[in-house]
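Architecture and fold: a report
If you want the building blocks of each chain, they are given just below.
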Amino acid sequence: MALPYDVKRIEKKWQEKWLEDKTYELDVTSSKPKSYILCMYPYPSGPAHQGHVRNYTFGDLLVRYRTMQGENVLSPIGFDSFGLPAENAAIKTGEHPRPFTEAKITELKESLIRLGASYDWSRVIKSHDPNYIRWNQYIFLKFFKNGLAYRKKAPVNWCPGCQTVLANEQVLPDGTCERSHDVVEQHELNQWFFKITTYAEDLLNGLEDLNWPDRVKTMQRNWIGKSTGAEFDLKIKDHENLKLRVFTTRPDTSFGMTYAVIAPEHPLTLQLTTKENEVHVRDLIERVVKENEIKRLSSEGELTKRGAFTGSYAINPFNNKEIPIFIADYVLMAYGTGAIMAVPAEDERDFEFANIYNLPIVRTTQPPDDFGDGPYSGNGIKINSDWLNGLEINEAKEKAISWLESEGIGEKKVNYRLRDWLISRQRYWGCPIPVVYCENCGLVGVDESDLPILAPDDVEFLPTGDSPLKRHELFVNTLCPQCGELAKRETDTMDTFVDSSWYFLRFIDPHNEFEPFSKDLVEKFMPVDQYIGGVEHAILHLLYARFYSRAFVDLELSPKNAVEPFRQLFTQGMIRLNGSKMSKSKGNLVAPLKYFDTFGADSLRLFHLFVGPPQDDVDWTDQTDEVIEGMSRFLARVYRLSAPKFAQDEDGLRNKFKEYELRPETNEDSQIEKLRHRTIKRVTESFEKWAFNSAVATLMEFTNALTKYAYSGARKETINEAIDTLLLLLCPMAPHITAELYELRNSKHIHEQRWPTFDAKIAKEDSVTLVVQINGKLKDKIDVPSDITEDDAIKLANSSTKISEHLTGVEVKRIVSRPPRLVNFVI
RNA sequence: GCCCGAGUGGCGAAACAGGUAGACGCGGCGGACUCAAAAUCCGUUGUCCUUAUAGACGUGCGGGUUCGAAUCCCGCCUCGGGCACCA
């Protein structure tokens with residue numbers, strides 16, 4: 001296809017100009033209203049892929065649009081440059097991850113520039129940069145000193161593919177690693193954790209006011225998993241000195257407790273097991289220990305094999321009845337107290353278990369009359385519950401809790417599903433944890449003045465699964481910062497999600513050598529006004545960043561206005577190719593590069609904006625190339641319209657435009673002027689709603705109308721203003737060609753112009769189509785003035801021959817009119 | 001199983017707040033230009049019936065509310081996503 005202009009030359013010219021002029025570098029001192037627009041910073045895996053293009057096109061559109069609206073826009077970019085792929089490549093090829101990563105960053109940066117994305121390149125952050133490592137470690141030490149970072153031995157998720165442990169958030173529901181998709185194993189290891197659970201309640205409450213997609217908020221709520229109930233002690237028969245503590249969300253059902261269940265790993269398990277039951281109990285424990293959590297929770301339908309009677313009995317404190325104690329794998333040690341009271345009549349799992357072991361089932365809530373025999377967890381009146389009888393569930397809960405408290409055996413209790421964030425990784429290419437193990441002093445944080453602690457370069461990358469740091473004597477052996485004796489360094493590095501938990505703050509003050517960031521600047525530029533990224537980070541990154549932000553406020557690193565980092569979040573849809581997610585690992589990328597070289601970045605950007613709503617997934621199909629070509633066809637039309645004399649077309653095409661006329665404004669001219677105002681209105685409103693596809697469509701309509709107008713002989717002043725408006729409205733979407741055309745026409749830089757404004761009065765249509773219906777069916781359309789009165793509208797409708805045909809000899813029962821759009825005769 | 005979201009021409013989609021369903025684009029068809037093609041421009045394009053006029057049908061399915069429903073309500077179906085022995 002022959003374009004009327006040299007795409008490559010024009011795009012390169014403007015990309016260079018934006019860099020040279022530093023068009024999008026932030027003026028920190030500006031008094032204009034600030035606007036912080038941020039796309040999730042990318043992991044550098046090579047040139048940008050279509051997912052990046054989509055993400056950064058949305059971001060760039062907003063950056064340019066808000067800038068034109070007179071806002072002081074902060075638009076930074078960086079690279080999430082620590083991570084496994086670089087290290088895995090090192091193991092394969094022997095090449096050190098640093099040059100490998102740097103090369104990828106260069107490629108990615110290059111393609112972002114070719115996309116025409118506008119960033120403040122003076123603020124680039126790379127997470128593997130020693131400067132960033134330094135402050136990352138500084139923050140770790142702050143956390144460590146304040147009890148937010150701690151080390152403990154715990155069962156953790158081990159990914160054999162990645163050869164490292166994972167946080168709970170990095171394990172998929174099917175028990176596989178979210179990166180490598182290997183089945184995750186449970187290992188008991190000593191690891192570093194961040195105390196995110198401290199903020200569970202706060203993280204939950206904070207969601208309320210965020211302008212985020214509901215589904216992301218819901219996902220975070222589910223993940224935090226708050227449940228309110230009671231915890232209390234059960235006495236144990238023949239064990240005067242022992243108590244069994246249980247957690248329940250339904251203290252109102254306590255009278256229906258007919259047995260108790262403890263987790264196999266519960267500390268009391270062996271003590272409570274009598275000799276004759278020992279074999280079964282030990283069998284179960286052995287099996288459970290071997291299995292990982294996921295497998296254990298997924299062994300549905302085999303309940304018989306999943307529990308065992310201990311031989312001991314507890315006393316239900318509510319009615320003093322003896323109840324048998326079982327162990328079962330469906331009770332988890334990590335949640336609540338690791339022990340439950342079982343109420344089979346009101347809990348499905350307990351009900352199933354009770355049926356298998358023939359345990360009594362006693363209803364304590366009256367179900368509706370037509371309810372069968374199954375477990376009932378709905379509302380109702382309490383029965384079989386002595387002093388709770390007759391109460392509603394919620395009243396009964398309160399009363400049961402008060403009773404527990406007055407007896408001194410229990411209290412109200414809130415539990416969360418959220419567990420602390422495991423941040424140790426047994427890998428080299430990450431931020432080292434700045435801690436030393438000393439025989440005298442124990443765990444000692446490195447001196448701040450010694451930061452950053454950098455991993456040595458002269459290491460061997462071997463596929464052993466051990467971090468190369470472990471084998472590096474010079475790194476490992478050090479002196480204790482406290483007592484000066486020989487000590488050993490921590491060789492684990494931090495989860496890369498640590499790096500991304502605060503990078504948006506460092507962007508505000510990226511060259512600060514004295515602190516991670518200035519509190520004053522953060523106060524000025526936080527929160528991020530618009531955050532844009534993939535929904536796959538709904539829990540991981542977005543939860544961790546919220547945790548960090550809270551901790552920073554508490555540690556007085558950040559001002560209070562930074563407590564919620566992302567005021568507004570937009571999650572874009574994925575790109576699919578033949579139904580499956582487009583990704584490098586699947587090898588099904590359709591690289592943007594080939595489009596840069598042919599139709600140009602502007603066309604590719606326009607495609608991503610036009611193809612559908614930004615939050616929807618995009619199907620990359622056989623037709624896609626043709627649609628992208630269609631976008632470049634549209635831009636070519638804009639070019640021919642805006643600068644016909646410069647269009648490199650054959651003569652026949654160029655000369656179709658008549659010379660513009662100098663003349664007083666005719667009705668046709670003022671219609672174009674009206675359309676211009678209407679177009680500004682529609683595009684502006686579409687931008688605000690993120691309806692970019694509609695904005696493009698509106699500009700296509702405008703272009704078509706203007707082309708027709710120009711062909712038929714246009715008034716010079718009117719057409720020129722309309723074309724300039726078209727270019728201004730289009731420039732956040734297609735920044736290169738509009739800049740070129742605006743310069744050709746006006747010798748000015750379009751990206752320094754203001755966003756056009758409209759006059760609502762002029763934008764108003766002065767004639768509209770009146771729809772005339774009979775019984776709600778369309779019968780006629782009449783053009784009427786938009787300020788027509790109701791009476792006139794009805795008269796006009798009545799006088800239409802198409803209508804009178806239907807109305808002669810029939811009784812009109814009712815006339816519904818909504819002037820100026822509709823008149824409906826009901827007959 | 002539970003909770004969210006979505007289903008509109010051959011395709012991607014649009015439709016403010018219940019008021020012309022299908023804007024805009026891709027593809028198709030027809031035409032102009034050309035020796036021819038490409039490019040470009042013009043016209044046409046939901047389905048059915050009809051020479052046309054006119055009409056009927058049509059927003060996943062079945063009901064309902066309304067003068068009027070893609071839009072609101074009830075009940076289903078399909079797809080996508082999240083959660084799922086969390087007591």
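**Side note on the overall build of chain A**
- Tallying secondary structure elements over chain A gives 29 helices and 30 strands in all.
- If one aligns the C-alpha atoms of chain A with their principal axes, the spans along those axes are about 105 × 90 × 50 Å.
- Counting the 827 residues in chain A, one finds 54% classified as buried.
- If you take every contact in chain A between residues at least 6 apart in sequence, the share linking residues at least 24 apart comes to 72%.
- Between the centroid of the 103 positive side chains of chain A and the centroid of its 122 negative side chains there is a distance of 3 Å.

**Quick look at the sheet that holds strand β15 (residues 421-422)**
- Taking strand neighbours across the sheet as the criterion, the 4 strands line up as β6-β5-β7-β15 in an open arrangement whose pairing is antiparallel. Each edge of the open sheet is held by one strand with a lone partner, namely β6 (164-166) and β15.
- Docked against the sheet, helix α5 (residues 130-145) engages β5 (149-159) and β7 (185-194), running at close to 95° with respect to β7.

**Looking at unusual backbone geometry**
- A cis amide bond links L451 to the next residue, P452, at an omega of -5°.
- Within the fold, P452 resides in the loop between β18 (442-445) and α14 (473-476).
- With an omega dihedral of -5°, the bond running from M526 to P527 counts as a cis peptide bond.
- Mapping P527 onto the fold places it in the loop between α17 (519-525) and β22 (530-534).
- Of note in this structure, N384 is not a glycine but carries a positive phi near 50°.
- Summarising the element assignment, N384 is placed in the loop between α12 (348-357) and α13 (393-407).
- Given the relative accessible area of 49%, N384 is considered partly exposed.
- You will see that D386, though not glycine, has its phi angle at about 50°, which is positive.
- Take D386: it is sitting in the loop between α12 and α13.

**Brief notes about the protein's contact with RNA strand B**
- The full set close to RNA strand B counts 52 residues, and R306, Y335, R349, R417 and N824 are the nearest of them.
- Among atoms of RNA strand B positioned within 4 Å of the protein, sugar and phosphate together represent 63%.
- In this structure, a sugar or linking oxygen belonging to RNA strand B sits 2.5 Å away from a main-chain N or O atom of V611.
- Between RNA strand B and the protein, one listed contact pairs a phosphate oxygen with a side-chain N or O atom of N704 at 3.2 Å.
- Per element, the largest residue contribution to the surface near RNA strand B is 7 residues, and it comes from helix α24 (residues 692-711).

**A look at the nonpolar core**
- Counting 88 residues, the largest nonpolar core has F140, F143, F194, W421, F504 and Y548 as its most contacted members.
- Element by element, the count of residues in this core is highest for helix α18 (residues 540-554), at 9 residues.
- Counting residues in hydrophobic clusters, the runner-up holds 87 residues, among them I10, V73, F607 and A734.

**As for the packing of helix α20 (residues 601-610) against helix α26 (residues 735-746)**
- Their axes nearest at 7 Å, the elements α20 and α26 cross at an angle of 125°. By the angle between their axes, α20 is oblique relative to α26. Of the residues in α26, those touching α20 at A601, D602 and R605 are P735, H736 and I737.
- For the contact of α20 with α26, the per-class residue count stands at 3 nonpolar, 1 polar and 2 charged.

**Section: the pattern of salt bridges**
- For the structure on display, the rule yields 42 salt bridges.
- In this structure, the salt-bridge partner of K681 is E685, at a minimum N-O distance of 3.5 Å. Of this pair, K681 and E685 both sit in helix α23 (residues 667-688), 4 residues apart, roughly one helical turn.
- Three or more residues joined by partner-sharing salt bridges are found here, namely E231, D233, R245, E411 and K413.

**What about the side chain of E231?**
- Looking at where E231 falls in the secondary structure, it is placed in strand β8 (residues 226-236).
- The buried category is assigned to E231, whose relative accessible area is 9%.
- Looking at E231, its side chain comes within polar contact range of the side chain of R245, at 2.7 Å.
- Once you skip the residues sitting within four places of it in the chain, E231 turns out to touch R245, V246, F247, T337, I409, G410, E411 and K413.

**Let's talk about the sheet that holds strand β30 (residues 822-826)**
- The strand order across the open sheet formed by 4 strands is β28-β27-β30-β29, and the pairing between neighbours is mixed. Here the strands that pair on one side only, and so sit at the sheet edges, are β28 (777-785) and β29 (814-818). Direction aside, neighbouring strands of the sheet carry axes that sit 15° apart on average.
- Sheet analysis places strand β27 (residues 767-774) next to β28, joined by 8 bridges and oriented antiparallel. What sits directly across from V771, in β28, is K781.
- Where helix α28 (residues 790-799) meets the sheet, it contacts β27, β28, β29 and β30, and its direction lies at approximately 60° from that of β30.

Definitions and cut-offs
- Residues numbered from 1 in each chain as written.
- Chains lettered and ligands numbered in written order.
- Predicted model: local features only at pLDDT ≥ 70, side-chain atom pairs only at ≥ 80, totals over all residues.
- Heavy atoms only, no water.
- Helix = DSSP H or I, 4+ residues; strand = E, 2+ residues; numbered from the N terminus.
- Buried < 20%, exposed > 50% of the residue type's maximum accessible area, 1.4 Å probe, protein only.
- Contact = heavy atoms within 4.5 Å.
- Lys, Arg positive; Asp, Glu negative; His and termini not counted.
- Charge placed at Lys NZ, Arg CZ, Asp CG, Glu CD.
- Pairing = 2+ DSSP bridges.
- Axes fitted to C-alpha atoms, helices over the stretch in contact; angles between N-to-C directions.
- Near = heavy atom within 4 Å.
- Polar contact = N/O pair within 3.5 Å; in protein donor to acceptor, adjacent residues only side chain to side chain.
- Core = buried A, V, L, I, M, F, W, Y, C linked by side-chain atoms within 4.5 Å.
- Parallel < 35°, antiparallel > 145°, perpendicular 65-115°, else oblique.
- Nonpolar A, V, L, I, M, F, W, Y, C, P; charged D, E, K, R; others polar.
- Salt bridge = Lys/Arg side-chain N within 4 Å of Asp/Glu carboxyl O.

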